[in-house]
Amino acid sequence: MLLIGLLLVAGIVVFFGGSDRLEDPAARVEDRALNKAAPSPEIAARRDDEAASPRRPLSISPQLIEVPKPELAGQFLRMWRVSGSNICAALREAGIAMSEWKAASMRNRNYECYFQRVYQRDEARPLSSTFLKVRGNEAGEIVEIRARIIGPTTDAQGRLAPAVLRMFEIIVKQACWSDFEDSLTSIQNLRNVEYDRFGAYLSFTREADGGSNFDFVLGLKATSASQVRTKTYFSPERWLTGTDRRTVSGNVILTDRSGTMSANCAS
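Residues numbered from 1 in each chain as written. Predicted model: local features only at pLDDT ≥ 70, side-chain atom pairs only at ≥ 80, totals over all residues. Heavy atoms only, no water.

1. Some thoughts on helix H5 (residues 162–175)
Moving on, step 1. The end-to-end C-alpha separation of H5 is 20 Å, in line with the 20 Å expected for 14 residues at 1.5 Å each.
Moving on, step 2. For H5, the complete set of buried residues consists of Val164, Leu165, Met167, Phe168, Ile170, Ile171, Val172, Gln174 and Ala175.
Moving on, step 3. Buried residues in H5 make contact with helix H4 (84–93), strand S3 (126–137), strand S4 (142–150), helix H6 (183–188), strand S6 (200–206) and strand S7 (213–220).
Moving on, step 4. Directly after H5, the chain includes Cys176, whose backbone phi takes a positive value near 65 degrees. (Helix = DSSP H or I, 4+ residues; strand = E, 2+ residues; numbered from the N terminus. Expected span 1.5 Å × (residues − 1). Buried < 20%, exposed > 50% of the residue type's maximum accessible area, 1.4 Å probe, protein only. Contact = heavy atoms within 4.5 Å.)

Below is the structure:
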C-alpha cells in the first residue's frame, strides 16, 4: 500500500510539472507577438511626428541647371565681339568697298563679304592690288579674316600707305583684342609678325619668294585643352533651353540669327 501511494504521488507531480513546461513556449511566443504589435512609446511618437509634417520637396540650386550666360563667355574665352555683317559695314563706312554680307553661293551655309581692287597689272598678273575677305556662317559668327596685298604703295620711309593701313586698323579695332594692337606697327613697316595668343592667331608675312606680296590672316584658334573645354561649355548647342538669345543683355556680346552683333571694347 505504501508503494502504491508513493507511485501515485510521483505521477501527480510529473503530470503537473509537464503541463507547466508545455504552457511556457506558447506564452513566450504570445509575448513576442504582443511586443512586435505594440511599438515602444518613443517609436510611436516619432512616427506620429513624421505623419504630421509633410515631406519637403527637394530643392536644386539654379547654378546646377542654369544655362551659361553668353555675356560671361568673354571673361574666359577668346571670341569675336562683332558680327561679320557689322565688320563689313564698318569697312564700308571707312571707304573700303566691301560687298554685302551674304551666302558665298546658292545652297551654301558659308557667308562672306570681300573687297578686291587691282591698281596695276601687266598681261600676266597684277602688279599692285588689294584683296580682303571676311568669312563666317549664317549666324554672323566670323571664322577668319584674310587679306593679300601685292606691290603696296609706300611712303619715302617705306611704310605702308595710310589708305591700306586703315583696313588693318579697322579689323583689329573691331575684333577688340587689345593684345594684337601692337601688330599694327609691324604691318605699317611691312615687317613679318606672327602672334598665337590664347585662342587666336594673327599673321602678316611677306611671301617666301622675297617679292612685295604680303598675306594677312586673323582668326580664332582654341587649341589648348582648357580653351576647348571652355568653348564647349559656353556653346549653346550643348544646352537645352527655351530662352531667346536675342533677349540677352550685356556689354560684351549681343547677337541673333540675323548677325546683328555689335562690339563694345570698353569691357
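Resuming the write-up.
2. Some thoughts on a nonpolar patch on the surface
Moving on, step 1. Taken together, Met1, Ile4 and Leu8 make up a surface patch of nonpolar side chains, about 400 Å² in accessible area.
Moving on, step 2. Along the polypeptide, Ile4 turns up in helix H1 (residues 2–37). (Patch = residues over 30% accessible without salt bridge, like charges linked within 9 Å, V, L, I, M, F, W, Y side chains within 5 Å. Areas by Shrake-Rupley, 256 points an atom, 1.4 Å probe, with all protein chains shown as cover. Salt bridge = Lys/Arg side-chain N within 4 Å of Asp/Glu carboxyl O.)

3. Some thoughts on the pattern of salt bridges
Moving on, step 1. Scanning the model with the defined rule gives 12 salt bridges in all.
Moving on, step 2. Put simply, Lys221 and Asp196 hold a salt bridge, and the shortest N to O gap is 3.4 Å. On the criterion of sequence distance, the pair formed by Lys221 in the loop between S7 and helix H7 (225–234) and Asp196 in strand S5 (residues 193–197) is long-range, its members being 25 residues apart.
Moving on, step 3. Take Lys221: its relative accessible area is 35%, and that puts it in the partly exposed class.
Moving on, step 4. Here the residues in one salt-bridge network are Arg135, Glu144 and Arg146, joined through shared partners.

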